[in-house]
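# Fold and geometry: a report
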Amino acid sequence: QVTLRAGAELDARWVNQYTLILRAACPGEDEVEERLFVRVTAGHVLRCDTLFARAEGDVVQVQADVAPRTPLYVVLPQPLGGLTVMGQGFPSPSFLQFRLRNRNTPLTLTHRGLVLAPDNGFDPSKDTQTFLLDIEVMDHHGHNCSRALRVEVLPSRRPRVTFPEPHRAVTVTEGIGPWEVVTQVHARGDNVRYAILAPVAPVLFAIDEVTGEIHSTRRLQAIHAHLLIRAYNALHPDDHATATVNVTVQGTDHLAPRCVPAIFVSQVPETMSPGSTLVTLRCTGSTSTDGCLHYALEGPPSSLSHFCMEGPQLKVNATLDYDSEAMVALGFQFTATIVVTVGGQPRQSTRVPVLVTVTPVNEFRPACPSSATFTVPETAAFGSVVGRVAGTDRDYPQESLEYSLEGGPGPAQPFSIDRRTGEIRVVGPLDSQQHKSYRLVVRLTDTHHDLDPRERQSRRCDVSVRLQAVPDQLPECTPEVQELRITAGSPGSRQPVTRLVCRHGGPDSAPLTYTIVGGNEDGRFQLEGNTVVYLASARAEPQPFVLLVEVWGGSGGRRRSSLVALVVHVTPRSTAVPARATTQRTTLPREPLVVLQTEAVWHPPAWFVAVLTTSGVLLLAALGCTARSLLCR
């Protein structure tokens, strides 16, 4: 028989299996050895942890102003059956029972191990209070754990509800209407609410429980009322204070004065000078005399600084600048109230609302920018931005300007200006050799600066646009002189001879154009883009052709050209030359054969072109024959 040793404790979290070695022997026989395996599994066993089983117990400190039935302490089970003390909100298993051994305590222990504050809370008026609890926990096997708990209730740290002014006297004039504010009380503390304790009847006054404003419930007559006001903490009603308010309603025989106009609304220009009268009130009181009438102006500080009262007259007190930032912030409007009282009694008064709108006046002419000189390259494309004329105006709004270019765009003035932004753009060809600069006259005209749209002012501004010269860059062709040999095809056929390889000499992106300007009198050759095509005919004799092809680049007045010379030897089909067309290209020395023509402004007459072309053809023919004889040798 194997038994558990006395005092031993099994814990499956540390050891969950034991291996026992058993040896047995009978007299005269060999000893036998066997093994016994004991597995320990976790179970719901009540076990008191060290923290829970301490003899001195545990201490909990709470404030005296905690709400009733607030959880103060909780006993929680550990995963394998132990008991410990943790935070609130963890439920206890159903197999545990909790109870208090001592009954003389206002605290409560629930069946889930929660220690709760008293049902009516703690008494906040007392000093530190101490409650001793003896908590016992028992499982369904009868095992139990117990501990002592000391709950210390500390005095509340929150401020008490008090009235800074416990007594107040208020005097008002009879005729005050229902639900008008008579006075307001204020108490210090947290979560303060207000209530009227007395009188209960008649109900002449009511109090706002949050703000403490005391309102009349009906039109008041001459009375004397004594109000008892209570202020209390909404979360702790026992924390409260009281104050008395004496309300005296005085009777009067005077009526409020009547004024004409009853409401004053006006528009004034910003140029109205200080001291000008806006309106004169005509007011009459119950005594039919104006000697006891008093006039006062109430309103925002901006209104009081710009207007004032001189008797019944409302006058301008300061300059009304429509264009200032302060006026823009006010929305160009002033609001105020003229208070007319009889004999200085506040309740015998009439209030005249005032609304004054300031209107703009076009006072200033637009101003030209300090610098209006721009530079643009003469190769600028159509629509390129040259610059922006930034005009200004002291009238509000400062950006409300229109721009126009006197003379308009044209050949003599290839520019335009945006009406709203003042941007100047290129709208025509530019040539620095014809114009080094342009002088533009831009007119600035203001808009929306006056109620009358016809009241507009303008100013002419001189703008200088300088043209930045760009060096001439001719098209470049490789090679510039070619000697070609082809075999004529059948009559009427189109036979490609060569393809010219040319490119721009600068950053210009305009396409190149090609034109045969010499050596093609009988129309044997044509250009298809940059490809030279030979048109075969019925003539059988061999014949050399010297062609001059002019390559044009650039755009507008900046077009430049280069010449390419082609010497084409055409062999008839009847000769011994193979039927398939062959092409031989030879680049001659460049210096003696380069023919360049630059046409910028001057256009030569036709006879000069003819003489130059003929001379060039003869020279090229002579050089070609010489080169051919050298090659054959």
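Note that the structure is predicted; figures quoted are calculated from it, not measured.

### Some remarks on the overall build of the chain
The helix and strand tally for the chain stands at three helices and 43 strands. Looking at the chain as a whole, 36% of its 633 residues qualify as buried. Long-range contacts, defined as pairs at least 24 residues apart, comprise 65% of the intrachain contacts of the chain with a sequence gap of at least 6. Accessible area for the chain stands at about 36,500 Å²; split by element, carbon and sulfur atoms hold 53% of it.

### Some words on the packing of aromatic side chains
For the coordinates displayed, the defined rule picks out nine aromatic pairs. Relative to F332, the ring of Y322 has its centre 4.1 Å away and its plane inclined at 15°; by these criteria the two rings are stacked. Placement of Y322 in the loop between β25 (313-316) and α2 (325-330) and of F332 in the loop between α2 and β26 (333-342) is noted, with a sequence separation of 10 residues between them. We note that Y322, like F332, is buried. Geometrically, the ring pair formed by F525 and Y534 is tilted, given 5.2 Å between the ring centres and 55° between the ring planes.

### Structural notes on the UniProt feature "transmembrane region" (unreviewed entry) in the chain
Within this structure's numbering, the places UniProt gives as "transmembrane region" (unreviewed entry) are residues 606-631. Taken end to end, residues 606-631 is 100% helix and 0% strand, and its two terminal C-alpha atoms sit 37 Å from one another.

### Focus: unusual backbone geometry
The omega torsion of the bond from A198 to P199 falls at 0°, within 30 degrees of zero and hence cis. The backbone of W179 shows a phi angle near 65°, a positive value even though the residue is not glycine. Notably, N191 is not glycine yet its phi reads approximately 50°, a positive angle. Counting through the fold element by element, N191 comes out in the loop between β13 (181-184) and β14 (192-198). For N191, a relative accessible area of 39% gives the class partly exposed.

### Section: the pattern of salt bridges
Charged atoms that come close allow side chains of opposite charge to pair. Counted by the stated rule, this structure contains 21 salt bridges. Here E152 and R150 are joined by a salt bridge, their closest N and O atoms 3.2 Å apart. What makes E152 buried here is its relative accessible area of 17%. In the salt-bridge network here, residues are joined through shared partners; they are R99, R101, D134 and E136.

### Topic: the nonpolar core
Core analysis: the largest hydrophobic core is formed by 26 residues, its most contacted members being L278, F307, L314, L320 and I338. Elements represented by at least two residues in this core include exactly β20 (264-269), β21 (277-280), β23 (293-298), β24 (307-310), β25, β26 and β27 (349-359). Broken down by element, this core gets its largest block of residues, five residues, from β26. Residues in contact with L314, not counting those within four places in the same chain, are F264, S276, T277, L278, V279, L297, F307, C308, M309, I338 and V354. Membership of the second largest hydrophobic core comes to 24 residues, among which are V170, V185, A187 and A231.

### Considerations on the side chain of T447
The topology assignment puts T447 in the loop between β33 (437-446) and β34 (458-468). A relative accessible area of 7% places T447 in the buried class. A polar atom in the side chain of T447 sits 2.5 Å from the side chain of S400. When residues no more than four places from it in sequence are discounted, the contact partners of T447 are S400, L401, E402 and R456.

### A look at helix α3 (residues 606-632)
With 27 residues, α3 extends 39 Å from end C-alpha to end C-alpha; this agrees with the ideal 39 Å at 1.5 Å per step. Residues of α3 that are buried: T613, L620, G624 and A627. Residues of α3 that are buried sit in contact with β36 (481-487), β39 (513-518), β42 (543-553) and β43 (560-571).

### Digging into the sheet that holds β21
Ordered by their spatial adjacency, three strands build an open sheet running β21-β25-β24, and the pairing between neighbours is antiparallel. Each end of this open sheet is capped by a strand with a single partner; those strands are β21 and β24. Across the sheet, the mean angle separating the axes of adjacent strands is 25° when strand polarity is ignored. Pairing between β24 and β25: four bridges, direction antiparallel. Opposite E310, over in β25, you have Q313 as the bridge partner.

### Describing the state of the cysteines
In total, this model carries three disulfides according to the counting rule given. Bridging C368 to C461, the disulfide has an S-S length of 1.8 Å. Across the disulfide from C368 to C461, rotation about the S-S bond amounts to roughly -90°, and the bridge is consequently left-handed. A residue pair is termed long-range when its members are at least 10 positions apart, and C368 in the loop between β27 and β28 (373-377) and C461 in strand β34 qualify at 93 residues. Sulfur-sulfur distance for the disulfide between C477 and C502 comes to 2.0 Å. Between C477 and C502 the disulfide shows an S-S torsion of about 110°. By sign, it is right-handed. Of this pair, C477 sits in strand β35 (residues 476-477) while C502 is found in strand β38 (residues 502-503), placing the two residues 25 residues apart along the sequence. Overall, the relative accessible area of 10% leaves C477 in the buried class.

### Some thoughts on the pairing of strand β4 (residues 58-63)
Where a strand is regular, its side chains alternate between the two sheet faces. Burial along β4 is one-sided: the face carrying D58, V60 and V62 is buried and the face carrying V59, Q61 and Q63 is not. As judged from the six bridges shared by β4 and strand β11 (residues 144-154), these two strands associate in the parallel manner. Paired with V62 across the strands is V153, a residue of β11.

### Some remarks on the environment of R101
Note that R101 resides in the loop between β7 (97-100) and β8 (108-109). Looking at R101, the relative accessible area reads 39%, which means it is partly exposed. As a C-alpha pair, R101 and S146 span 45 residues in sequence and 9.4 Å in three-dimensional space. Apart from the residues lying within four places of it in its own chain, the contact partners of R101 are D134, E136, N144 and S146. A distance of 3.1 Å separates the side chain of R101 from the side chain of E136, its partner in a polar contact.

What counts and what doesn't
- Residues numbered from 1 in each chain as written.
- Predicted model: local features only at pLDDT ≥ 70, side-chain atom pairs only at ≥ 80, totals over all residues.
- Heavy atoms only, no water.
- Helix = DSSP H or I, 4+ residues; strand = E, 2+ residues; numbered from the N terminus.
- Buried < 20%, exposed > 50% of the residue type's maximum accessible area, 1.4 Å probe, protein only.
- Contact = heavy atoms within 4.5 Å.
- Areas by Shrake-Rupley, 256 points an atom, 1.4 Å probe, with all protein chains shown as cover.
- Phe/Tyr/Trp six-rings, centres within 6.5 Å; stacked < 30°, edge-to-face > 60°.
- UniProt positions renumbered as here; feature names shortened; annotations may be inferred.
- Salt bridge = Lys/Arg side-chain N within 4 Å of Asp/Glu carboxyl O.
- Core = buried A, V, L, I, M, F, W, Y, C linked by side-chain atoms within 4.5 Å.
- Polar contact = N/O pair within 3.5 Å; in protein donor to acceptor, adjacent residues only side chain to side chain.
- Expected span 1.5 Å × (residues − 1).
- Pairing = 2+ DSSP bridges.
- Axes fitted to C-alpha atoms, helices over the stretch in contact; angles between N-to-C directions.
- Disulfide = S-S within 2.5 Å.

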